[in-house]
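# Geometric and topological summary
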Amino acid sequence: MSMIGEYLIILWGFLLIGLMGIGGFFMFRKFLKKLPKEDGKSNMDWEEYYMEKTRHMWKKEEKELLEELVSPVPELFRDIARHKIASKIGEVALKKKRKKITEDVLIEGYIVATPKRDHKFLRKKLAEKEIDVTPYEIYFE
């Protein structure tokens, strides 16, 4: 076998190991989200609970606003991000005992659900939508 062939096989082996490691990392993260907490429910169970409890509270305008706010997320992760953020918005709405999802509840839940590292992008998106973030500054901290 030639020297180039041997190097290609070695390179292919490292590539496979690397790809399997990346896939394993994401599967492990999903496994951790499914582990039950002290209350007996996992993070994913709570997300589903809040989605089901608040599904009827969403109006067309709020769904469209959520879609626009989620648009900077890479398409590969957008569905997961939308689900997680929508469940957090539902949690905020239920805690505030709201009958429907309003823009203020949506923005508050979106800020709370967004990781701190992405707050800069969120502020930029809210500025593009001409939404004043001053009332929501406490949630950015």
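Note that the structure is a prediction, hence the values are computed from the model and not measured. (Residues numbered from 1 in each chain as written. Predicted model: local features only at pLDDT ≥ 70, side-chain atom pairs only at ≥ 80, totals over all residues. Heavy atoms only, no water.)

## Section: the overall build of the chain
A count of helical and extended segments in the chain gives six helices and zero strands. Start at the N end of the chain and walk to the C end: the helices and strands fall as α-α-α-α-α-α. Rg of the C-alpha trace for the chain: 20 Å, well past the compact-globule value of 14 Å for 141 residues, more than 25% over. Expressed as lengths along the three principal axes of its C-alpha atoms, the size of the chain is roughly 70 × 40 × 30 Å. Out of the 141 residues belonging to the chain, those deemed buried represent 30%. Taking the contacts inside the chain whose residues are at least 6 apart along the sequence as the reference set, 54% of them involve residues at least 24 apart. When the accessible surface of the chain is totalled, it reaches about 10,200 Å², and 63% of it is carbon and sulfur. (Helix = DSSP H or I, 4+ residues; strand = E, 2+ residues; numbered from the N terminus. Rg over C-alpha atoms; globule rule 2.2 N^0.38 Å. Buried < 20%, exposed > 50% of the residue type's maximum accessible area, 1.4 Å probe, protein only. Contact = heavy atoms within 4.5 Å. Areas by Shrake-Rupley, 256 points an atom, 1.4 Å probe, with all protein chains shown as cover.)

## Observations regarding the pattern of salt bridges
With the rule as written, the count across this model stands at eleven salt bridges. Residues participating in the shared-partner salt-bridge network are Glu67, Asp79 and Arg82. (Salt bridge = Lys/Arg side-chain N within 4 Å of Asp/Glu carboxyl O.)

## Digging into the environment of Ser87
Along the chain, Ser87 turns up in helix α4 (residues 75-95). Residue classification places Ser87 among the buried residues on the basis of a relative accessible area of 5%. Along the backbone, Ser87 and Gly109 are 22 residues apart, and their C-alpha atoms lie at a distance of 8.6 Å.

## Let's talk about the nonpolar core
If you look at the biggest cluster of nonpolar residues, it comprises 27 residues, and the most contacted ones within it are Leu66, Ile89, Leu106 and Leu126. For this core, the secondary-structure elements that each account for two or more residues are α3 (60-70), α4, α5 (103-113) and α6 (119-128). (Core = buried A, V, L, I, M, F, W, Y, C linked by side-chain atoms within 4.5 Å.)

## A look at the packing of α3 against α4
Running from N to C, α3 and α4 cross one another at 130 degrees; their axes reach a closest spacing of 10 Å. Our classification of the angle between α3 and α4 gives oblique. Considering how the two elements wind past one another, α3 and α4 form a crossing that is right-handed. Taken together, the residues of α4 that come into contact with α3 (itself represented by Leu66, Glu67 and Val70) are Arg78, Arg82, Ile85, Ala86 and Ile89. (Axes fitted to C-alpha atoms, helices over the stretch in contact; angles between N-to-C directions. Parallel < 35°, antiparallel > 145°, perpendicular 65-115°, else oblique. Left-handed = near helix turned anticlockwise from the far one by under 90°.)

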